[in-house]
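# Descriptive structure summary
Listed below are the residues making up each chain.
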Amino acid sequence: MDKEELGKRYLEKLSNDINERLYDLLIVHLMNVRDKITYNSENSKELTNLLDIAISNLTNNMEGLNLNYCRYILLVCNTLLYYNKGRQDLKDLKKELIARFSNADPTDQEKIPLKYQINEVRITYDVSYLTYLIDSFIKQKLWAEALYCLITVRLVEPDNLKLEEQYEIIKENIANEKTKPFTFQDPLDNIVLLDSNIAISYLMKNIEELDYSAKTINLKKLEDKNKVIITHSVKEEVANFIDYQLSILKKDKIKYEAVKKKLEEKYDEMVKRYYCNEVPVSKELLEKIETFYSRFLGVLEVIVLQKIDSKKISHKLRKLAQRESLLPERGDMKLLAEAITMQEGLGDKVTIVSDDKDFTIFAQAIKDNFNIIIYNE
């Protein structure tokens with residue numbers, strides 16, 4: 001029997017899966033699709049038609065954010081995109097699903113951002129595209145992105161031997177400047193910006209229904225001698241955090257309503273008390289901050305691995321997805337840019353209060369390069 005006829009019989013099997021709504025079986029049968037259906041063949045056109053039907057059925061029958069359906073749709077989309085890379089409708093559908101899952105704003109970029117690719121792995125545990133990206137980033141000498149992808153792939157496929165070779169290449173080429181120790185001192189007559197972790201700890205304090213423990217800062221002591229502020233970027237991060245916490249509780253209506261009321265009341269009180277007007281920051285300044293952190297990729301690798309240590313793989317992937325590469329989270333770099341801009345505009349001394357290692361480990365370097373003080377109680 002020739003390959004074309006075998007391909008037709010294989011398509012018949014996929015058709016049965018789709019007609020009977022056996023989507024878990026469909027995903028299993030698609031694992032060897034490239035061996036069965038040749039790219040750009042007559043059978044590939046029939047495959048495309050079948051999988052379009054599957055996606056339509058899945059999207060039309062998905063109630064709410066059904067994680068299994070999300071996984072099926074993304075994996076089917078990935079198969080279709082192999083046979084037709086120009087399908088922007090599939091890319092848009094993927095971005096929409098990943099944005100809903102990760103509680104992120106949908107992006108209007110044509111390419112799916114790297115952060116979204118990590119969130120897709122959280123849903124599908126399929127790292128085939130990230131594995132390809134590692135080689136691509138190495139060729140482009142984008143070491144922060146290459147190492148970020150490699151760490152993610154290694155979580156899902158620790159037995160992937162190719163990663164060792166890629167890791168050696170990356171380590172030979174990344175900038176690995178060392179940090180210097182820094183002595184934290186109480187700020188006096190400063191404008192004090194709270195980072196998102198500090199603001200969230202303040203928000204979550206005494207909400208018994210949620211199991212959340214984090215270091216808290218004595219804000220009263222800071223307020224007695226300084227002007228304490230929450231910037232626009234931190235306000236947005238806290239709001240996203242609230243949305244995420246509430247999304248977890250939606251199945252427990254009583255608990256959901258109680259926590260929602262407490263969180264919203266505390267959030268409104270916090271914003272009224274500490275929020276300042278938005279501080280516009282330039283693209284050039286953000287690029288300067290990225291260049292600054294890029295000098296310390298070896299240190300950042302250690303920090304990232306420490307942050308995901310001793311967590312379930314799902315938690316590790318979620319933590320990784322908060323970054324856009326090995327560099328600190330976008331919100332942290334935006335806060336630093338806001339601090340620099342504010343200091344230049346007002347002429348006042350600005351301090352960032354944080355217990356995040358993306359700030360505290362780099363405190364001396366941040367002071368030397370940007371004249372911003374980092375404070376950790």
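Here the structure is shown first, and the text comes after it.
Residues numbered from 1 in each chain as written. Predicted model: local features only at pLDDT ≥ 70, side-chain atom pairs only at ≥ 80, totals over all residues. Heavy atoms only, no water.

## As for the pattern of salt bridges
Side chains carrying opposite charge are able to pair once their charged atoms draw close together. Tallied over the full model, the rule gives 21 salt bridges. Ionic pairing is found between glutamate 120 and lysine 94, a salt bridge with its closest N-O pair at 3.1 Å. Taken together, the residues span a long stretch of sequence, with glutamate 120 in helix H7 (residues 114–124) and lysine 94 in helix H6 (residues 88–102) at a distance of 26 residues. According to the relative accessible area criterion, glutamate 120 is buried, its value standing at 5%. Owing to a relative accessible area of 5%, lysine 94 belongs among the buried residues under this scheme. (Salt bridge = Lys/Arg side-chain N within 4 Å of Asp/Glu carboxyl O. Helix = DSSP H or I, 4+ residues; strand = E, 2+ residues; numbered from the N terminus. Buried < 20%, exposed > 50% of the residue type's maximum accessible area, 1.4 Å probe, protein only.)

## Digging into the side chain of histidine 232
You can see histidine 232 is positioned in helix H13 (residues 232–249). For histidine 232, a relative accessible area of 16% corresponds to the buried category. Within the structure, the side chain of histidine 232 is placed 3.0 Å from the side chain of tyrosine 275, a separation counted as a polar contact. With residues up to four places along the chain from it excluded, the contact list for histidine 232 reads Tyr275, Glu278 and Glu338. (Polar contact = N/O pair within 3.5 Å; in protein donor to acceptor, adjacent residues only side chain to side chain. Contact = heavy atoms within 4.5 Å.)

## Some thoughts on the environment of aspartate 243
Relative to the elements of secondary structure, aspartate 243 occurs in helix H13. When the C-alpha positions of aspartate 243 and isoleucine 200 are compared, they lie 12 Å apart, and in sequence the two are 43 residues distant.

## Side note on the packing of H6 against H7
Closest axis-to-axis distance for the H6/H7 pair is 10 Å, and the angle between their directions is 75°. The orientation of H6 with respect to H7, classified from their angle, is roughly perpendicular. Between H6 and H7, the contacting residues are Lys94, Lys95, Ile98, Ala99, Phe101 and Ser102 on the first element and Tyr116, Asn119, Glu120, Arg122 and Ile123 on the second. Here the residues of the contact of H6 with H7 are counted per class, giving five nonpolar, two polar and four charged. (Axes fitted to C-alpha atoms, helices over the stretch in contact; angles between N-to-C directions. Parallel < 35°, antiparallel > 145°, perpendicular 65-115°, else oblique. Nonpolar A, V, L, I, M, F, W, Y, C, P; charged D, E, K, R; others polar.)

## Re unusual backbone geometry
Here the phi dihedral of tyrosine 125 falls at roughly 60°; this positive angle occurs in a residue that is not glycine. Mapped onto the elements of the fold, tyrosine 125 is located in the loop between H7 and helix H8 (128–139). Tyrosine 125 gets classed as partly exposed once you look at its relative accessible area, which sits at 33%. Phi at aspartate 189 is positive, roughly 55°, even though this residue is not glycine.

## A look at a nonpolar patch on the surface
Side chains of Leu22, Leu25, Val28 and Met31 sit close together on the surface and give an oily, nonpolar patch of about 380 Å² of accessible area. Positionally, leucine 25 belongs in helix H2 (residues 23–29). (Patch = residues over 30% accessible without salt bridge, like charges linked within 9 Å, V, L, I, M, F, W, Y side chains within 5 Å. Areas by Shrake-Rupley, 256 points an atom, 1.4 Å probe, with all protein chains shown as cover.)

## Structural notes on the packing of aromatic side chains
According to the stated counting rule, one finds 14 aromatic pairs in the structure shown. A ring pair is formed by tyrosine 39 and tyrosine 83, whose centres lie 6.5 Å apart and whose planes are at 20°; its orientation type is stacked. With a gap of 44 residues between them, tyrosine 39 in the loop between helix H3 (33–36) and helix H4 (42–61) and tyrosine 83 in helix H5 (residues 67–83) connect regions that are remote in the sequence. Feature note: the residues Phe292, Tyr293, Phe296, Phe362 and Phe370 constitute an aromatic cluster, connected by ring pairs. Stacked on the ring of tyrosine 82, the Lys or Arg arginine 34 has its end atom at 3.9 Å from the ring centre. Between the NZ or CZ atom of arginine 318 and the centre of the ring of tyrosine 244, over which it lies, the distance is 3.7 Å. (Phe/Tyr/Trp six-rings, centres within 6.5 Å; stacked < 30°, edge-to-face > 60°. Lys NZ or Arg CZ within 6 Å of the ring centre and 35° of its normal.)

Purely spatial values, then, with no claim about function.
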